[in-house]
There are 2 protein chains.
Amino acid sequence: MTSSSDVGACAGPVHDRDWLAAALDRLPAESDVQDMAAVFALLGDPGRLRLLTVLLEGEACVCDLAVASGQSESAVSHALRLLRAHRVVAVRRAGRRAFYRLDDAHVRMLLDLAGTHVAHAPAVRAATAQDR
Amino acid sequence: MTSSSDVGACAGPVHDRDWLAAALDRLPAESDVQDMAAVFALLGDPGRLRLLTVLLEGEACVCDLAVASGQSESAVSHALRLLRAHRVVAVRRAGRRAFYRLDDAHVRMLLDLAGTHVAHAPAVRAATAQDR
């Protein structure tokens, strides 16, 4: 009754008490896990990701961001509000205009790393079919 | 009729042609955007994130991962299949057992960076209320 999808199942109880103790010790507070997941979830939307990618080029106003990321100004404004709330982007106001930028170096590095990961795993779709 | 939520709106057409040209040039291929978003979306789930966080401690089998991340073995197996398909985790088989690990250094850095970002923005919830 064993299929290849059962390969991960273990025969017995907990096997490695040292690993388990260290892993439990490393687990962040639930509120931090929720905050991290919220940031990743924000970056998990292709529209928001396009927006952040063009912001790697420097600060810009909503209408330029809309053109560059191929979205409506309304969609961009909504995305920017969410991203600001999680400190992924920051705003600078100049008179009646607002310019948005990536909030910190961590965000820039997250985007660069994700790009590197994707470039490093170019056969993701083929692998998906093969590994299952 | 202008509310504070309209602060991002621009008065005119595209303002910065140089930025726009550079931004459009930087925009990745749509397939890469989709792949990056898919990886971030995977990391945007608190359960999967807990799983990846304990994997920072080193490779482990499904039952240890279930205990450490506070999830059922079935939920862990399902999460691991998704994560493997996107090359976020890798598997090593030893007889009938399978050990999972973070696939590459990029994933480790993504997790570290997200943790740093969260630590760097501890007042996210307060800011959310304030900025809107």
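Note that this is a predicted model, so its numbers are computed, not measured.

Chemist: Any chance you could explain the overall build of chain A here in plain terms?
Modeler: Looking only at helices and strands, one finds seven helices and two strands in chain A. Listing the helices and strands of chain A from first to last along the sequence gives α-α-α-α-α-β-β-α-α. Here chain A holds 132 residues, and 48% of them are scored as buried. Counted over contacts in chain A with a minimum sequence separation of 6, partners at least 24 positions apart contribute 48%. Carbon and sulfur atoms make up 52% of the accessible area of chain A, which amounts to about 6300 Å² in all.

Chemist: Please clarify how helix H1 (residues 17-26) of chain B should be interpreted in this entry.
Modeler: An α-helical turn contains 3.6 residues, so a residue and the one three or four places further along point in the same direction. When we look at burial in H1 of chain B, the residues that qualify are Trp19, Leu20 and Ala23 of chain B. Along the axis of H1 of chain B, the buried positions cluster into a sector of 95 degrees, meaning they face one direction only. Residues of H1 of chain B that are exposed and point over 90 degrees away from its buried face: Arg17, Asp18 and Asp25 of chain B. Residues of H1 of chain B that are buried make contact with helix H3 (46-55) and helix H4 (62-69) of chain A. Two or three places before Asp18 of chain B, at the opening of H1 of chain B, Asp16 of chain B has a side-chain oxygen 3.3 Å from that residue's backbone nitrogen.

Chemist: For this particular structure, what's the right way to read the environment of Ala60 of chain B?
Modeler: Mapping Ala60 of chain B onto the fold places it in the loop between helix H3 (46-55) and helix H4 (62-69). On the basis of relative accessible area, Ala60 of chain B is assigned to the buried category, the value being 2%. Along the backbone, Ala60 of chain B and Val91 of chain B are 31 residues apart, and their C-alpha atoms lie at a distance of 9.5 Å. Excluding residues that lie within four positions of it along the chain, Ala60 of chain B makes contacts with Trp19 of chain A together with Leu55, Leu65, Ala98, Phe99 and Tyr100 of chain B.

Chemist: Would you explain the pairing of strand S1 (residues 89-94) of chain A in this entry?
Modeler: Regular strands show a simple pattern: their side chains alternate between the two faces of the sheet. All names here are of chain A. Where S1 lies against strand S2 (residues 97-102), six bridges are found, and the strand directions are antiparallel. Paired with Ala94 across the bridge in S2 is Arg97. Once S1 ends, the chain turns through two residues before running back antiparallel as S2, passing Gly95 with a positive phi of about 65 degrees.

Chemist: I keep staring at the pattern of salt bridges and nothing clicks. Help me out?
Modeler: Scanning the entire structure with this criterion turns up six salt bridges over all chains. Note that Glu57 of chain A is salt-bridged to Arg26 of chain B, the shortest N-O span being 2.7 Å. Residue Glu57 of chain A is found in the loop between H3 and H4, and its partner Arg26 of chain B is found in helix H1; the two belong to separate chains. Overall, Glu57 of chain A belongs to the partly exposed group, its relative accessible area being 29%. Close ionic contact of Arg92 of chain A with Glu59 of chain A constitutes a salt bridge, the shortest N to O distance being 2.5 Å. With a gap of 33 residues between them, Arg92 of chain A in strand S1 and Glu59 of chain A in the loop between H3 and H4 connect regions that are remote in the sequence. A residue is classified by how much of its surface remains accessible, and Glu59 of chain A, at 30% relative accessible area, is partly exposed.

Chemist: Please clarify how the packing of H4 of chain B against helix H5 (residues 73-85) of chain B should be interpreted in this entry.
Modeler: Helix-helix packing is described using two parameters, namely the angle between the two axes and the distance between the axes. Residues and elements named next belong to chain B. It is the contact of H4 with H5, at a shortest axis distance of 9 Å, that shows an interaxial angle of 105 degrees. It follows that H4 is roughly perpendicular to H5 by the angle criterion. When H4 is examined against H5, the residues Val62, Cys63, Leu65, Ala66 and Ser69 are found in contact with a partner set consisting of Glu73, Val76, Ser77 and Leu80. For the contact of H4 with H5, the per-class residue count stands at six nonpolar, two polar and one charged.

Chemist: I'm lost on the side chain of Arg48 of chain A in this one. Help?
Modeler: Along the chain, the position of Arg48 of chain A falls in helix H3. Buried within the structure, Arg48 of chain A lacks any salt-bridge partner; its nearest side chain of opposite charge belongs to Asp45 of chain A, at an N-O separation of 4.3 Å.

Chemist: For this particular structure, what's the right way to read the side chain of Ser69 of chain A?
Modeler: All names here are of chain A. With respect to the element layout, Ser69 can be found in helix H4. At 2.7 Å, the side chain of Ser69 and the backbone oxygen of Leu65 are in polar contact. In this structure Ser69 touches Arg50, Leu51 and Val76, once residues within four positions along its chain are discounted.

Chemist: How should I be thinking about the nonpolar core in this particular structure?
Modeler: Leu43 and Leu65 of chain A together with Leu43 and Leu65 of chain B are the most contacted members of the largest nonpolar core, which has 74 residues in total. Other than its neighbours up to four places away in sequence, Leu65 of chain A contacts Leu51, Val54, Leu55, Ala60, Val76, Leu80 and Tyr100 of chain A together with Trp19 of chain B.

Chemist: Any chance you could explain the packing of aromatic side chains here in plain terms?
Modeler: Where two aromatic rings form a pair, the distance of their centres and the angle of their planes describe that pair. Considering all chains together, one arrives at one aromatic pair over all chains under this definition. With a centroid separation of 6.0 Å and an interplanar angle of 25 degrees, the aromatic rings of Phe40 of chain A and Phe40 of chain B are classed as stacked. One end of the pair, Phe40 of chain A, is in helix H2 (residues 30-43); the other, Phe40 of chain B, is in helix H2 (residues 30-43), on a second chain. Just as Phe40 of chain A is buried, Phe40 of chain B falls in that class too.

The rules we used
Residues numbered from 1 in each chain as written. Chains lettered and ligands numbered in written order. Predicted model: local features only at pLDDT ≥ 70, side-chain atom pairs only at ≥ 80, totals over all residues. Heavy atoms only, no water. Helix = DSSP H or I, 4+ residues; strand = E, 2+ residues; numbered from the N terminus. Buried < 20%, exposed > 50% of the residue type's maximum accessible area, 1.4 Å probe, protein only. Contact = heavy atoms within 4.5 Å. Areas by Shrake-Rupley, 256 points an atom, 1.4 Å probe, with all protein chains shown as cover. Arc of directions from axis to C-beta. Polar contact = N/O pair within 3.5 Å; in protein donor to acceptor, adjacent residues only side chain to side chain. Pairing = 2+ DSSP bridges. Salt bridge = Lys/Arg side-chain N within 4 Å of Asp/Glu carboxyl O. Axes fitted to C-alpha atoms, helices over the stretch in contact; angles between N-to-C directions. Parallel < 35°, antiparallel > 145°, perpendicular 65-115°, else oblique. Nonpolar A, V, L, I, M, F, W, Y, C, P; charged D, E, K, R; others polar. Lys, Arg positive; Asp, Glu negative; His and termini not counted. Core = buried A, V, L, I, M, F, W, Y, C linked by side-chain atoms within 4.5 Å. Phe/Tyr/Trp six-rings, centres within 6.5 Å; stacked < 30°, edge-to-face > 60°.

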